[in-house]
Structures are given as C-alpha cells and as structure tokens.
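The residues making up each chain are set out below.
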Amino acid sequence: MAAAAARHSTLDFMLGATADCNAVLKALQPVFQEQGMTETVHNWEDHGYLATYIQKNGSFANLRIYPHGLVLVDLQSYNDQTKGKEETDRLLDKVEERMKELFHGNIKRVKRLPAILRGGAIDRYWPTADGRLVEYDIDEVVYDEDSPFQNIKILHSKQFGNILILSGDVNLAESDLAYTQAIMGSGKENYAGKEVLILGGGDGGILYEIVKLKPKMVTMVEIDQMVIDGCKKYMRKTCGDVLDNLKGECYQVLIEDCIPVLKRYAKEGRMFDYVINDLTAVPISTSPEEDSTWEFLRLILDLSMKVLKQDGKYFTQGNCINLTDALTLYEEQLSRLYCPVEFSKEIVCVPSYMELWVFYTIWKK
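Residues numbered from 1 in each chain as written. Predicted model: local features only at pLDDT ≥ 70, side-chain atom pairs only at ≥ 80, totals over all residues. Heavy atoms only, no water.

In plain terms, the rule: UniProt positions are given in the numbering used here, feature names are shortened, and annotations may be inferred rather than shown by experiment.
The name given to the protein chain in an unreviewed UniProt entry is Spermine synthase, with the source organism recorded as Aythya fuligula. One UniProt comment on the protein chain, placed under Pathway (unreviewed entry), says "Amine and polyamine biosynthesis; spermine biosynthesis; spermine from spermidine: step 1/1." Quoted verbatim from the Sequence similarities (unreviewed entry) heading of the UniProt record, the comment on the protein chain is "Belongs to the spermidine/spermine synthase family."

As structure tokens, this is what we get:
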C-alpha cells in the first residue's frame, strides 16, 4: 500500500471571454454535491465568487471564479496516494467535462498540473537556486542525519542515483560527474606531480578524480566527518574507495575548519599549484555588506590566493546562470582581493541541478 500524504491538485481554465460567475457556479455545483460535499459560497460584486466544498473526511475543494474569465479549482485530500489520485482525477475530469459543455469551445487554455504531495514520508520537492520548484523522482530516503554543522540527507532518484542534500541544498548526485570535471578545469589541466588543495569536497568526488591523475599530493580539508561517513557508504559511484582511508599514497583528508588551515599554510609559506574551493555557491543575496556568506567567500578567496603559486589556478563554482546580479557582484569582489587577479568562467549543465551552472577559474596577474 502506498504511503499516505496530503494531495493538492489544481485545474485552471482561462476563458476566451468574461465569465458569468453565477452560471459557472450553478453548472459546477452538482459535480461537488454528488460527492456529498457541503457548500459555502462567498461573492463580491466586482471580484467574482469563491465556493468551498468540504467532505466529511476533511477533504475540500475551492472553486474560485473571476469575472475577467479565470476559473480555478483547488482540491486537497489526505489519503493513500494511489486511491487519492484516482478519486481526484475522476472529480477533475467531471469538472473539465462540465466546463467544456458550458462554454462550447470558448476556453483558451485548460491547465492541470501534477499534484503536489505534502507531508509524505519522502520529500520530492527542492527549489532551484533561482527559486523555481523542482519535483525530483525520489523513491527512497537512504540517509538522514544531523551533524553539528548541518542536516545531511542522501536521497535516491531513479534518474540521478543517490543525491547528497545539505541543509536543504542539492549538492551533488551520482550522475553529476560534469560538476566534478568542471570544478577541476574541464580536462584542460595537468595534475601529474602537482600539489593540490581541496576546500570542502566531503562527497569525495573531486578527490577521487584527481587521485587518478597522479598528483604529487592532494590535501582535502572537510569540516564535517559525518558527510564523509555518509558518502563513503552511499555515494560510492562518486567517491569510489578514496574516503575509506583519510590518508593514501598521494592524498590526505583533514577533518578541520579550512580557515585556520589556510592561515597556518600561509604563515608557513606552503604553496599549491591548484586550490579547488568546493565549499559553497555564490550567495543569492546581493547585499554583501549584510550577508556573512559574502564575508566568508572574500576571506576564503584572500587566504587561497596567499597559498596559491604565482602560476597556479583557483577553481570554484559560481551559481545558477540566471542569478546574473549575484554573479556580477562576485566578479566585483575579485577586484578587491589583496593581489590582482584575472578570471574566466564556464557554463555547464549539471544533471541533477536541472539548471545551467557557472564555474570560475581564477589566477594571479
């Protein structure tokens, strides 16, 4: 039996002319009354009608009729998903049939969206960076734990494999090798014999791919041991076996806050050929004076430049291509570092993000 959830279904009609609100109401009333629903009607002289229909089990429907020609039906019920979908579809089919009989083809658009399921065992809905709602094909909660730093979820998607979600932010799926390749320079770099510093990267994807390229030494600094523990068990298509041990022939993983580590390396004069920042995306906020994430980013940039060799490269993600103001602001921050830098950017399709993502390469002038 499928799990129960609150099912919110919608059906919209855009008419080709103004609506006779009373006629629409009288045409649709029998559809709801046949379901044994109790009716309450509100009407306003210039703003149309709102009719609410309630069943004995608490399910309800709202019928909103606007005089300019927009008719909206919202249904909400709480029951078994399969049974609830069948009952809702039958009711909406009857509403649609009655509306078409009433208006004889004078309907410009009929729109029925997939139902939103709320309060179910599995949360399928995650927003994109630019605020659009995406429904993922999640069918299993693989891992869900709170660390001292964040909530860590690994959910299974039929398309994308296991997806790592940190405090509600989609980080990486097993399908997202494109992300890892982009933040490493898209195959244009020679890592053989090089010193590499990874900031963050607890999913192990970057470390796994770089170790294959025979670097001299990779140091990965990740603050959250629980991210590593979850990923080494449930994201092995991404990290392979590289997280099974915190030290290998050409790599070490430090479970530390990267800021003190960067300050220590800068004081010691330790330098790297590549610094890869996989900590956080460029903030959506465009108020860097008020947003502590911007301060964090500026600090990481400055400290990273202090440990980057003169001919080295710094790689990082930006954000969604639609967040042009935030990306422009990030590029302005680059002109304010302690040393002059130049940059290039690349736009990449990361499968599980369902949006184009911007990546930056930064180097010292």
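1. Here we look at a nonpolar patch on the surface
Defined as follows: Here a patch means residues that are over 30% exposed by relative accessible area and free of salt bridges, tied together within 9 Å if like-charged and within 5 Å if nonpolar (Val, Leu, Ile, Met, Phe, Trp, Tyr). Computed with the Shrake-Rupley method and a 1.4 Å probe, the accessible areas treat only the protein chains shown as cover for residues. A carboxyl oxygen of Asp or Glu within 4 Å of a side-chain nitrogen of Lys or Arg is what we treat as a salt bridge. Going along the chain from the N terminus, every DSSP run of H or I of four or more residues is numbered as a helix, and every run of E of two or more is numbered as a strand. Think of it in three bands: with a 1.4 Å probe and only protein chains considered, a residue is buried below 20% of the maximum accessible area for its type, exposed above 50%, and partly exposed in between.
On the surface, a cluster of nonpolar side chains totalling about 230 Å² of accessible area is made up of Ile 321, Ile 347 and Leu 356. The residue Ile 321 is located in the loop between β18 (308-320) and α9 (324-334) in this model. The exposure class assigned to Ile 321 is partly exposed, which follows from its relative accessible area of 31%.

2. Here's the deal with the pattern of salt bridges
Within the structure shown, the criterion is met by 17 salt bridges. Its salt-bridge partner being Glu 195, residue Arg 270 comes within 3.7 Å of it at the nearest N-O pair. One end of the pair, Arg 270, is in the loop between α7 (258-268) and β17 (272-278); the other, Glu 195, is in strand β13 (residues 195-200), and 75 residues separate them in sequence. Assessed through its relative accessible area of 14%, Glu 195 is described here as buried. Put simply, Lys 212 and Glu 209 hold a salt bridge, and the shortest N to O gap is 3.2 Å. With a relative accessible area of 45%, Lys 212 lands in the partly exposed category.

3. Describing the nonpolar core
How we decide: Remark: nonpolar core denotes a set of buried residues (Ala, Val, Leu, Ile, Met, Phe, Trp, Tyr, Cys) joined through side-chain atoms within 4.5 Å. The criterion used for residue contact is that any of the two residues' heavy atoms lie within 4.5 Å.
Residues Leu 207, Ile 210, Ile 276 and Trp 357 are the most contacted members of the largest nonpolar core, which totals 51 residues. At 4 residues, the largest contribution of residues to this core is made by strand β11 (residues 161-166). In contact with Leu 207, other than residues within four places in its own chain, are Ile 198, Val 218, Met 220, Val 242, Leu 243, Tyr 251 and Val 253. If you look at the next biggest cluster of nonpolar residues, it comprises 30 residues, including Leu 301, Val 307, Leu 308 and Tyr 360.

4. Observations concerning the sheet that holds strand β16 (residues 251-254)
Put simply, the test is: Strands are labelled as partners when DSSP assigns at least two bridges between them.
In space, the 8 strands of this open sheet follow the order β15-β16-β14-β13-β17-β18-β20-β19, with mixed pairing throughout. For this open sheet the edge positions go to β15 (247-248) and β19 (341-350), each flanked by a neighbour on one side alone. Across 5 bridges, the pairing between β18 and strand β20 (residues 355-364) is antiparallel. Bridge pairing in β20 links Tyr 314 to Ile 362.

5. Things to note about the environment of Tyr 53
As a reminder, the rule being used: In protein, a polar contact means a hydrogen-donor-capable atom and an acceptor-capable atom, both N or O and within 3.5 Å, with residues adjacent in sequence counting only if both atoms are side-chain atoms; elsewhere, any N or O pair within 3.5 Å suffices.
Mapped onto the fold, Tyr 53 is located in strand β3 (residues 48-54). C-alpha of Tyr 53 to C-alpha of Thr 293: the two residues are 240 residues apart in sequence and 47 Å apart in space. In this view, Tyr 53 contacts Leu 25, Gln 29, Phe 32, Met 37, Thr 38, Glu 39, Ser 59, Phe 60, Ala 61 and Leu 63; residues no more than four positions away in its chain are not counted. Reaching out from Tyr 53, the side chain makes a polar contact with the side chain of Glu 39 at a distance of 2.6 Å.

6. So, the domain arrangement of the protein chain
Definition in use: Residue ranges for the domains originate in an automatic or database domain assignment.
Taken domain by domain, the protein chain consists of domain 1 (6-118) and domain 2 (175-364). Computed over C-alpha atoms, the centres of domain 1 and domain 2 are 50 Å apart.

7. Considering the packing of aromatic side chains
We describe a pair of aromatic rings using the distance from one ring centre to the other and the angle between the two ring planes. The criterion, for reference: Pairing of aromatic side chains requires ring centres within 6.5 Å, counting the rings of Phe and Tyr and the six-membered ring of Trp. Pairs whose planes differ by under 30 degrees are stacked, by over 60 edge-to-face, and all others tilted. By definition here, charges over rings are those cases where NZ of Lys or CZ of Arg is within 6 Å of the ring centre and within 35 degrees of the ring normal.
Applying the stated criterion to the full structure yields 11 aromatic pairs. Aromatic side chains Tyr 265 and Phe 272 sit 5.6 Å apart centroid to centroid with 45° between the ring planes, which places their arrangement in the tilted category. Judged on exposure class, the residue Tyr 265 and its partner Phe 272 are both buried. Relative to Phe 315, the ring of Tyr 274 lies with its centre 6.0 Å away and its plane at 10°, an arrangement referred to as stacked. One end of the pair, Tyr 274, is in strand β17; the other, Phe 315, is in strand β18, with 41 residues separating them in the sequence. Residue classification places Tyr 274 among the buried positions, given a relative accessible area of 5%. A relative accessible area of 1% places Phe 315 in the buried class. One aromatic cluster is present, built from ring pairs that chain together Tyr 179, Tyr 353, Trp 357 and Phe 359. The aromatic ring of Tyr 66 is capped on one face by Arg 64, whose charged end is 4.1 Å from the ring centroid. Residue placement shows Lys 306 over the ring face of Tyr 338; its charged tip is 5.5 Å from the ring centre.

8. Section: the sheet that holds strand β9 (residues 138-146)
The condition that has to hold: Lines fitted to C-alpha atoms define the axes, with helix axes restricted to the stretch in contact, and inter-axis angles between N-to-C directions lie between 0 and 180 degrees.
Taken together, 4 strands build an open sheet; the order of strands is β9-β10-β11-β12 and the sheet is antiparallel. Where the open sheet ends on each side, the last strands, each with one partner, are β9 and β12 (169-173). Ignoring strand direction, the axes of neighbouring strands in this sheet form an average angle of 25°. One ladder, built from 4 bridges, connects β11 with β12; its direction is antiparallel. The partner of Ile 163 across the bridge, within β12, is Ala 173. Contacts between helix α5 (residues 225-234) and the sheet are confined to β9, β10 (151-157) and β11, with β9 contributing the most and set at about 150° to the helix.

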